[in-house]
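Below are the chains, spelled out letter by letter.
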Amino acid sequence: MASSLTKDAAEREKTSPASGGMTFFGHPFGLAPLFLTEMWERFSYYGMRALLVVYLIAGGPDAKPGSQGGGLHMPEASAVAIYSIYVAMVYLLAMPGGWFGDRVWGPRKTVTIAASTIMAGHLLLAVPGKPTFFAGLALVAIGSGLLKSNISTMVGHLYDGPTDPRRDGGFTLFYIGINLGAFFAPLVIGTVGQEVNWHLGFGIAAAGMALGLMIFLWGTRHLDPKSSVVPTPLSAEERKATLTKALIWLGVAAVFYGIVGGAGIFTLNWALVPITLLGLIIPITVLFRIKRDKDLTDSEQTKVSGYIWFFVAAAAFWMIFDQAGSTMSTFAEKKTADNVFGFSFPSTWFQSVNPLWVMALAPVFAWLWVFLARRNSEPSTTVKFSMAMVLIGASFFVFAVPMGMAGDGTKVSPAWLLMIYMIQTMGELCLSPVGLSLTTKMAPKKYASQMLGVWFLAVTAGDCTTGLLSIAGVDMNGTGTIVFQAALCTLAGVAVWMYRKRIIALMGDVH
């Protein structure tokens with residue numbers, strides 16, 4: 001028995017033949033290149049995201065007086081809609097990204113192609129002009145979608161199945177890498193873009209992704225061999241049928257928009273509204289298709305039913321959380337004081353507050369969960385999700401206060417946004433890393449990478465809801481809208497808590 005236990009422990013400590021027995025903070029060494037690749041990808045993504053709304057409104061009717069010109073001169077409502085739909089598409093495309101990893105290229109090759117696509121997108125954003133801007137935005141969304149599911153899947157490959165005790169810790173460490181990139185990006189890219197030149201800022205984002213790609217290519221030898229395998233490759237017939245369907249839909253879209261453009265009635269909403277509706281319809285359709293798949297075992301079917309509860313809760317959570325780059329970004333730009341003790345700073349710096357809180361609070365939460373687990377008192381995943389919903393709701397109840405204070409043109413203290421971000425971060429730490437790990441545990445084998453895409457579809461659903469409201473003319477900066485969203489998420493958190501026993505039963509052997 002002792003010999004068997006020793007052997008099992010040795011198996012868990014292995015990394016890869018090329019790692020030489022090295023570990024990364026006690027984890028398989030392959031986590032290091034994945035950590036750094038994701039860090040630089042998030043650096044490029046969050047840097048560009050911090051600039052997006054302020055760039056879109058620069059020079060327009062809702063721009064801050066005296067701000068840098070040279071933007072796209074859009075009204076705030078259009079900028080919020082574009083931002084929300086862009087973020088939604090990044091996460092929507094994580095689903096086909098997972099499909100490519102599962103069925104076409106394998107996770108490792110998919111990430112290589114994804115990083116190259118993101119870099120090309122940022123380079124296009126660095127070229128002035130509307131056509132290059134929207135083309136670059138599309139490439140960044142496509143590349144990010146291809147990368148997200150597959151890099152998380154490769155993190156899961158490093159561990160000895162769902163029961164490996166290091167697994168949750170590994171995902172938490174990986175999450176810290178995300179937030180390191182997200183913290184430094186607005187300080188570097190945001191400052192250069194907002195204070196010097198927008199397109200130079202986008203160019204720095206391209207350089208960050210290029211560095212991430214080089215690190216990934218260097219570190220591939222430390223990854224698990226499964227990362228190069230295509231789990232369920234397409235047959236020749238499936239490949240032909242998939243290509244045919246894609247070309248048909250592309251042709252339909254080209255004909256439709258050709259007619260609209262030729263009739264001279266095309267406006268931005270002709271593109272935004274269909275994309276927004278797709279972002280709401282596709283998540284529902286995908287979950288329904290997986291739930292109805294007859295290849296799944298009874299246990300897998302039950303887990304998918306339980307997973308739907310977490311999906312809905314996460315969608316409501318991200319609906320509020322992702323407004324950090326839109327509603328809260330415009331509030332920071334126009335209604336929040338931009339100096340502390342005589343030191344002035346660009347509004348994009350507020351986008352670094354959330355990752356700073358994550359890095360400060362993540363070790364505290366990790367310690368707290370372990371401390372409570374030793375006393376058999378750790379909250380279940382269901383309770384953690386409920387806590388996240390209540391906290392995100394509370395953050396917008398607080399947001400309503402400075403929103404009202406600024407109604408007469410008064411600029412509020414930056415301390416309000418710091419507090420709101422702190423509350424949101426506490427909710428994020430109860431939901432996001434736990435949700436990533438939970439998804440890899442509850443995923444049916446047939447949908448290993450794709451289920452991580454499903455997890456990201458919750459972000460799509462939340463952001464498309466925000467985008468649709470903005471397109472419909474709802475004032476996302478209105479106090480009533482803020483309070484309504486806060487109440488909705490708080491009630492959702494209470495509902496999850498009330499039905500927690502039923503949800504836990506559906507989770508089966510996953511805890």
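By convention here, each chain's residues receive numbers from 1 onward along its written sequence. The model is predicted, so local features are restricted to residues of pLDDT at least 70 and side-chain atom pairs to those at 80 or more, both for listing and for counting; the totals for chains, interfaces and linings are taken over all residues. As a rule here, side-chain values come from all non-hydrogen atoms in the structure, and water together with hydrogens is ignored.

Under an unreviewed UniProt entry, the name given to the protein is MFS transporter, and the source organism is Streptomyces luteoverticillatus.

## Points about the overall build of the protein
Helix and strand counts for the protein come out as 18 helices and four strands. Our radius of gyration looks at C-alpha atoms and nothing else; its globule reference is 2.2 Å times the residue count to the power 0.38. Radius of gyration (C-alpha) of the protein: 23 Å, near the 24 Å computed for a compact globule of 511 residues. Each of the three principal axes of the protein carries a C-alpha extent, and together these read 75 × 55 × 45 Å. Whether a residue is buried, partly exposed or exposed follows from its accessible area with a 1.4 Å probe, protein chains only, as a fraction of its type maximum: under 20%, in between, or over 50%, in that order. For the protein, buried positions account for 53% of its 511 residues. The contact rule is simple, with two residues in contact once any of their heavy atoms fall within 4.5 Å. For the protein, the proportion of contacts with a sequence separation of at least 24, taken over those separated by at least 6, is 81%. Within the protein, one finds 35 positive and 28 negative side-chain charges whose respective centroids are separated by 5 Å. Strands are runs of DSSP state E lasting at least 2 residues, helices are runs of H or I lasting at least 4, and numbering of each runs from the N terminus. Charge convention: Lys and Arg are scored as positive, Asp and Glu as negative, and His as well as the terminal groups of each chain are ignored. Where a charge sits is defined by one atom per residue type, namely NZ (Lys), CZ (Arg), CG (Asp) or CD (Glu).

## Section: helix H14 (residues 381-405)
Across its 25 residues, H14 extends 37 Å between first and last C-alpha, which sits within 8% of the 36 Å expected from 1.5 Å per residue. With 18 of 25 residues buried, H14 lies mostly within the body of the structure. Multiplying one less than the number of residues by 1.5 Å gives the expected span of a helix.

## Examining helix H7 (residues 167-196)
Compared with the 44 Å implied by 1.5 Å per residue over 30 residues, the 43 Å span of H7 between its first and last C-alpha is a close match. At Ala-185, H7 shows its largest bend, some 35°, and a proline, Pro-186, comes one to four positions later. Two axes enter the definition of the bend at a residue: one is fitted to the seven residues ending there, the other to the seven starting there, and the bend is the angle between them.

## Digging into empty space enclosed by the protein
Cavities and pockets are defined on a 1 Å grid built over the protein atoms alone: a cavity is a set of grid points where a 1.4 Å probe fits but cannot escape, while a pocket is an open set with protein on both sides within 12 Å along at least five of seven lines, and lining residues are those with an atom within 4 Å of any such point. Grid points are joined across faces, edges and corners, and a volume is the space filled by probe spheres set on the points. Summed over all chains, the structure comprises one cavity of 30 Å³ or more. There is about 400 Å³ of room inside the largest cavity. Around the largest cavity sit 29 residues that line it, and Tyr-46, Tyr-91, Tyr-175, Trp-318 and Glu-428 are the ones nearest its centre. Each residue receives one of three labels: charged for Asp, Glu, Lys and Arg, nonpolar for Ala, Val, Leu, Ile, Met, Phe, Trp, Tyr, Cys and Pro, and polar for the others, Gly being one of them. Taken together, the residues of the lining of the largest cavity break down into 17 nonpolar, six polar and six charged.

## Considering the pattern of salt bridges
What makes a salt bridge here is a side-chain nitrogen of Lys or Arg within 4 Å of a carboxyl oxygen of Asp or Glu, nothing more. If you walk through the whole model with that rule in mind, you get five salt bridges. With its nearest N and O atoms 2.6 Å apart, the salt bridge here joins Glu-41 to Arg-42. Accessibility classification places Glu-41 together with Arg-42 in one group, the buried group.

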